[in-house]
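Take a look at the letters that make up each chain.
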Amino acid sequence: MGGALLDGWLASPTPPHLVVLDRHRSRSDDTVTIVRTAAEIPANFQPDIIVLAVKPSVAEIVIDALGKALGPRLNGAAILSVMAGRTCKTLSDSVRRAGADIPVLRAMPNTPSSVGAGISGLYASTAASHEQKSTCHDLLFAVGDVVPVENEDDLSVVTAISGSGPAYVFLLTELLEQAGQQHGLAPNVARRLARGTIYGAGRMLDDLPESAEDLRKAVTSPNGTTAAALAVLMKPDAWPQTVPKAIDAATKRADELAG
């Protein structure tokens, strides 16, 4: 997720000034400085926001390393976590053990952020200032849309719906491609039709005021081809049951990661 955000920021018209801790990249210019370890962070760099985009299992190790590398400068920052599961409280406890007492905000972006089409749920703890909330909002808005949530627990559902959501869309596209090939279409034809359909439907959802339900009904002529397909997909044991089950499973897993 950190890589997707970084790609989106670098492609934006006005990228933020960044120091990026990443062992797999090697770009440095007027906008971005890449370092491989926390100890390499420039001594004159004072971060406003520290975006914590690491695996939950190494969060404490990374926070401790940042505390040692930044020292008093850590207290001038706020943390924006984009990890699933790890709560503001657990992250705040880790920050205090690293010698600082700073606000923690949490966001759940998604991978379309890499092309400027992401959407992020954003939760800010009460310790965060208006300026810190605004800065985090602007960072996320630079790579897509931002939806504030009032309750931290809501981020588990955000993770299941939009954080993991691109994978569901990719799976649908994959299945449409496969079905087209099974019915005799050349692979490149099936691929273009499936991807173009997903893209066009997404554009309609974004551009038009009608609800998804209304748009679906507008495509569905009585006794037509779309109605025949939807009769299969909308059986009680098909999408109406399996999609909620999938979201339940993803939400439950996000809760489990929170401990």
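Owing to the predicted nature of the structure, the values given are computational and were not obtained by experimental measurement.

K.L.:
Kindly report on the UniProt feature "domain: Pyrroline-5-carboxylate reductase dimerisation" (unreviewed entry) in the protein chain, identifying the contributing residues and their values.
P.N.:
Summarizing the sequence annotation, UniProt attributes the feature "domain: Pyrroline-5-carboxylate reductase dimerisation" (unreviewed entry) to residues 152-257 in the numbering used throughout. From the first C-alpha to the last, residues 152-257 spans 14 Å; its make-up is 80% helix and 0% strand.

K.L.:
Which residues make up helix H6 (residues 165-182), and what values go with them?
P.N.:
Over its 18 residues, H6 extends 26 Å from the first C-alpha to the last, a length consistent with the 26 Å expected when each residue adds 1.5 Å. All buried positions along H6 are accounted for by Gly 165, Pro 166, Thr 173, Glu 177 and Gly 180. The buried residues of H6 occupy one face: seen down the axis, they fall within an arc of 120 degrees. Looking at the packing, one finds that the buried side of H6 touches helix H5 (154-163) and helix H7 (187-207). At the exit of H6 stands Gly 184, carrying a positive phi of roughly 105 degrees.

K.L.:
Give me the UniProt feature "binding site: NADP(+)" (unreviewed entry) in the protein chain: which residues, what numbers.
P.N.:
Within this structure's numbering, the places UniProt gives as "binding site: NADP(+)" (unreviewed entry) are Ala 53, Val 54, Lys 55 and Pro 56. Excluding residues that lie within four positions of it along the chain, Ala 53 makes contacts with Gly 2 and Val 82. Residue position: Lys 55 is located in the loop between strand S3 (49-52) and helix H2 (59-70).

K.L.:
Which residues make up the side chain of Arg 73, and what values do they have?
P.N.:
Looking at the secondary structure, you find Arg 73 in the loop between H2 and strand S4 (78-81). Buried within the structure, Arg 73 lacks any salt-bridge partner; Asp 48 is the closest side chain of opposite charge, at an N-O distance of 12 Å. In this structure the side chain of Arg 73 is engaged in a polar contact, spanning 3.2 Å, whose partner is the backbone oxygen of Ala 43.

K.L.:
Lay out a negative patch on the surface in plain terms, naming residues and giving numbers.
P.N.:
A contiguous patch of negative charge on the surface is contributed by Glu 150, Asp 153, Asp 154 and Asp 255. Counting through the fold element by element, Asp 153 comes out in the loop between strand S7 (144-148) and H5. Overall, the relative accessible area of 66% leaves Asp 153 in the exposed class.

K.L.:
An account of the pairing of strand S5 (residues 104-108) is needed here, citing residue identities and associated values.
P.N.:
Among the five residues of S5, five are classified as buried, and the element is accordingly described as predominantly covered. The side-chain alternation of S5 yields two buried faces, one formed by Val 104, Arg 106 and Met 108 and the other by Leu 105 and Ala 107. Here three bridges tie S4 to S5, and the two strands are oriented parallel to one another. Directly across from Ser 81, in S5, lies its bridge partner Arg 106. Each parallel crossover has a hand, and for S4 linked through helix H3 (residues 88-97) to S5 it is right-handed. Looking at chain direction, S5 and strand S6 (residues 118-124) are connected through four bridges and run antiparallel. When the bridges of S6 are listed, Met 108 appears paired with Gly 121.

Thresholds, definitions, all that
- Residues numbered from 1 in each chain as written.
- Predicted model: local features only at pLDDT ≥ 70, side-chain atom pairs only at ≥ 80, totals over all residues.
- Heavy atoms only, no water.
- UniProt positions renumbered as here; feature names shortened; annotations may be inferred.
- Helix = DSSP H or I, 4+ residues; strand = E, 2+ residues; numbered from the N terminus.
- Expected span 1.5 Å × (residues − 1).
- Buried < 20%, exposed > 50% of the residue type's maximum accessible area, 1.4 Å probe, protein only.
- Arc of directions from axis to C-beta.
- Contact = heavy atoms within 4.5 Å.
- Lys, Arg positive; Asp, Glu negative; His and termini not counted.
- Salt bridge = Lys/Arg side-chain N within 4 Å of Asp/Glu carboxyl O.
- Polar contact = N/O pair within 3.5 Å; in protein donor to acceptor, adjacent residues only side chain to side chain.
- Patch = residues over 30% accessible without salt bridge, like charges linked within 9 Å, V, L, I, M, F, W, Y side chains within 5 Å.
- Areas by Shrake-Rupley, 256 points an atom, 1.4 Å probe, with all protein chains shown as cover.
- Charge placed at Lys NZ, Arg CZ, Asp CG, Glu CD.
- Pairing = 2+ DSSP bridges.
- Right-handed = clockwise from strand over helix to strand, strands pointing away.

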